[in-house]
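# Observations on the three-dimensional arrangement
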Amino acid sequence: MADIWWKAHPHDLHRLADRVSSVYVERSHIDRDENAVVVINKRETVRVPAAMVAVMLLGPGTRITHGAVNLLADSGTTVCWVGEQGVRMYAAGLGPSRGAALLNRQAWLVSRTKERLAVARNMYRMRFPGEDVSTATMQQLRGREGARIRKLYQAQARRTGVPWNGRVYKAGDAYAAGDDLNRLLSAANAALYGICHAVITGLGASPGLGFVHTGLATSFVLDIADLYKAEYTIPLAFDLAQQGHTEERDARLGLRDRITEDKLLGRIVHDVKTLLSPEGTEMPDVEVNELWDERLGAVQGGVNWSGTEGPPVPAVSDPGMGDEHLAVIGPEFTEDASSP
């Protein structure tokens, strides 16, 4: 009888010398070896220094040990359980050794009307290349966005010959309302939300602190996803409808293939970081343990302020999230070759 697959001898051994933003793992077993996590499948073994990874995305067919999760948490690495190529976001875990600089920056921006409007304008500027939105109000921006999307739907209908009768969807169910085209749009958008959610969580930002959307635990996810719908989910839905592929799975897999080909994950990382911390913004890259002070702003934590200072709290490196991404995908599962 053949040995269980995750004990198979590796064919290759890879070492990562540089920090990577994300590691996506599919159809593999993840274990711990000292200060590295080891990803094993029938094809290869990949050794990943835990402190060099900002977020680990666990796709379908992945197993992970308690020791590996413990190491990733201690390293400040976010662990997200996702669908294929991140098109679903099921759950996330974050260890205590993580800086909150980006989250604090996001909260500061969203809680000040002037700064929040500036971020919202930047989001719309990304959708209206070449247009001046520097003085537009939110009401004006919403109107221009509505007109842009209406024209986009009409253009896609002319391109594909698929009739367009308006947007219909049911909140909370990605495949429940409207005609086939509307259901494909909803399913593709839900998949896009998954990868945006994973990136935002991996960066250490809040999915709930939106700048255009508000009131939902995923408001910022909706903000970011709206940047890419005109390029990805809308033309995809029309293409699928034209080809007669009208199942939810068709939309999910179609989007998965397009975002993988275009490396959208890295683009989302760049856009989120640019919106929250534009060039010139000072962002500490280490974990800071401080206490809030209404006069001084912040003072050192881990200190007995009655007069006797304790030892300083050691800073833990925050892996951040740059533009390097790695995917480790095992071979397709097959029946045991030794079986009759």
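### Quick look at the overall build of the protein
Helices and strands together make up the secondary structure of the protein, namely nine helices and 12 strands. When the 340 residues of the protein are sorted by exposure, 44% land in the buried category. Put simply, 63% of the contacts in the protein that link residues at least 6 apart link residues at least 24 apart. In the structure as shown, the protein presents an accessible area of about 17,900 Å², 51% of it carried by carbon and sulfur atoms.

### Describing the environment of Val55
When you line up the elements, Val55 lands in strand β6 (residues 53–58). Looking at Val55, the relative accessible area reads 1%, which means it is buried.

### Considering the nonpolar core
Cys196, Ile224, Tyr228 and Ile268 are the most contacted members of the largest nonpolar core, which totals 55 residues. In terms of residue count, helix α5 (residues 180–203) provides more of this core than any other element does, 13 residues in total. Contact partners of Tyr228, with chain neighbours within four places excluded, come to Leu192, Cys196, Thr233, Leu264, Arg267, Ile268 and Asp271. Val23, Val48, Val53 and Leu71 belong to the second largest nonpolar core, which has 16 residues in total.

### Here's the deal with the packing of aromatic side chains
Following the criterion strictly, the structure yields four aromatic pairs and no others. A centroid spacing of 5.8 Å and a plane angle of 65° characterise the contact between Phe211 and Phe220, whose relative ring orientation is edge-to-face. Each member of the pair, Phe211 as well as Phe220, is classed as buried. Across from the ring centre of Tyr124, 4.5 Å away, lies the NZ or CZ of Arg127, which sits over that ring.

### Some thoughts on the layout of surface pockets
Its boundaries defined by the atoms lining it, the largest pocket holds a volume of some 1,100 Å³. Looking at the largest pocket, it is lined by 36 residues, and the ones nearest its centre are Asn189, Tyr193, Leu222, Asp226 and Lys229. At the level of secondary structure, the elements contributing two or more residues to the lining of the largest pocket comprise α3 (113–127), α4 (138–160), α5, α6 (219–225) and α7 (233–243). At seven residues, the largest contribution of residues to the lining of the largest pocket is made by α5. Considered class by class, the residues forming the lining of the largest pocket number 16 nonpolar, 10 polar and 10 charged.

### Considerations on the packing of helix α2 (residues 101–110) against α3
Two elements in contact, α2 and α3, have axes whose closest approach is 6 Å; the angle formed by their N-to-C orientations is 105°. As the angle between them shows, α2 and α3 are arranged roughly perpendicular. Contacts from Trp108, Leu109 and Val110 in α2 reach Glu115, Arg116 and Val119 in α3.

### A short note on α7
For α7, the buried fraction is high: nine of the 11 residues fall into the buried class. Inspection of α7 places Thr233, Ile234, Pro235, Leu236, Ala237, Phe238, Asp239, Leu240 and Ala241 among the buried residues, and these make up the whole buried set. Those residues of α7 that are buried lie in contact with α4, α5 and α8 (248–262). Residue Gly244 follows α7 closely and has a positive phi angle near 80°.

### Quick notes on the pattern of salt bridges
Opposite charge on two side chains permits pairing when their charged atoms draw close. Scanning the model with the defined rule gives 12 salt bridges in all. In this structure, Asp33 engages Arg47 in a salt bridge whose closest nitrogen and oxygen atoms are separated by 2.7 Å. In this pair, Asp33 sits in strand β3 (residues 29–33) while Arg47 sits in strand β5 (residues 45–49), placing the two residues 14 residues apart along the sequence. The residue Lys229 makes a salt bridge to Asp226 at a minimum N-O spacing of 3.0 Å. Here the two residues Lys229 and Asp226 agree in accessibility, since each one is buried. Through salt bridges with shared partners, a single ionic network connects Glu84, Arg256 and Asp257.

### Here we look at the pairing of β6
Remember that side chains alternate between the two faces of the sheet whenever the strand is regular. Most of β6 sits out of view: six of its six residues are buried. With four bridges connecting them, β6 and strand β8 (residues 78–82) associate as parallel partners. In the sheet register, Leu58 faces β8, and the bridge partner there is Trp81.

### Some details on α4
Given 3.6 residues per turn, any residue in an α-helix points the same way as the ones three and four places further on. Counted at 1.5 Å a residue, the expected span for α4 with its 23 residues is 33 Å, and the 33 Å between its end C-alpha atoms agrees. Along α4, the residues classified as buried are Met138, Leu141, Glu145, Ile149, Leu152, Tyr153, Gln156, Ala157 and Thr160. Elements in contact with the buried residues of α4: α3, α5 and α7. One or two positions beyond α4, positive phi appears at Gly161, with a value near 80°.

Thresholds applied
Residues numbered from 1 in each chain as written. Predicted model: local features only at pLDDT ≥ 70, side-chain atom pairs only at ≥ 80, totals over all residues. Heavy atoms only, no water. Helix = DSSP H or I, 4+ residues; strand = E, 2+ residues; numbered from the N terminus. Buried < 20%, exposed > 50% of the residue type's maximum accessible area, 1.4 Å probe, protein only. Contact = heavy atoms within 4.5 Å. Areas by Shrake-Rupley, 256 points an atom, 1.4 Å probe, with all protein chains shown as cover. Core = buried A, V, L, I, M, F, W, Y, C linked by side-chain atoms within 4.5 Å. Phe/Tyr/Trp six-rings, centres within 6.5 Å; stacked < 30°, edge-to-face > 60°. Lys NZ or Arg CZ within 6 Å of the ring centre and 35° of its normal. 1 Å grid on protein atoms, 1.4 Å probe; cavity = no way out; pocket = protein on both sides within 12 Å on 5 of 7 lines; lining within 4 Å. Points joined across faces, edges and corners; volume = space filled by probe spheres on them. Nonpolar A, V, L, I, M, F, W, Y, C, P; charged D, E, K, R; others polar. Axes fitted to C-alpha atoms, helices over the stretch in contact; angles between N-to-C directions. Parallel < 35°, antiparallel > 145°, perpendicular 65-115°, else oblique. Salt bridge = Lys/Arg side-chain N within 4 Å of Asp/Glu carboxyl O. Pairing = 2+ DSSP bridges. Expected span 1.5 Å × (residues − 1).

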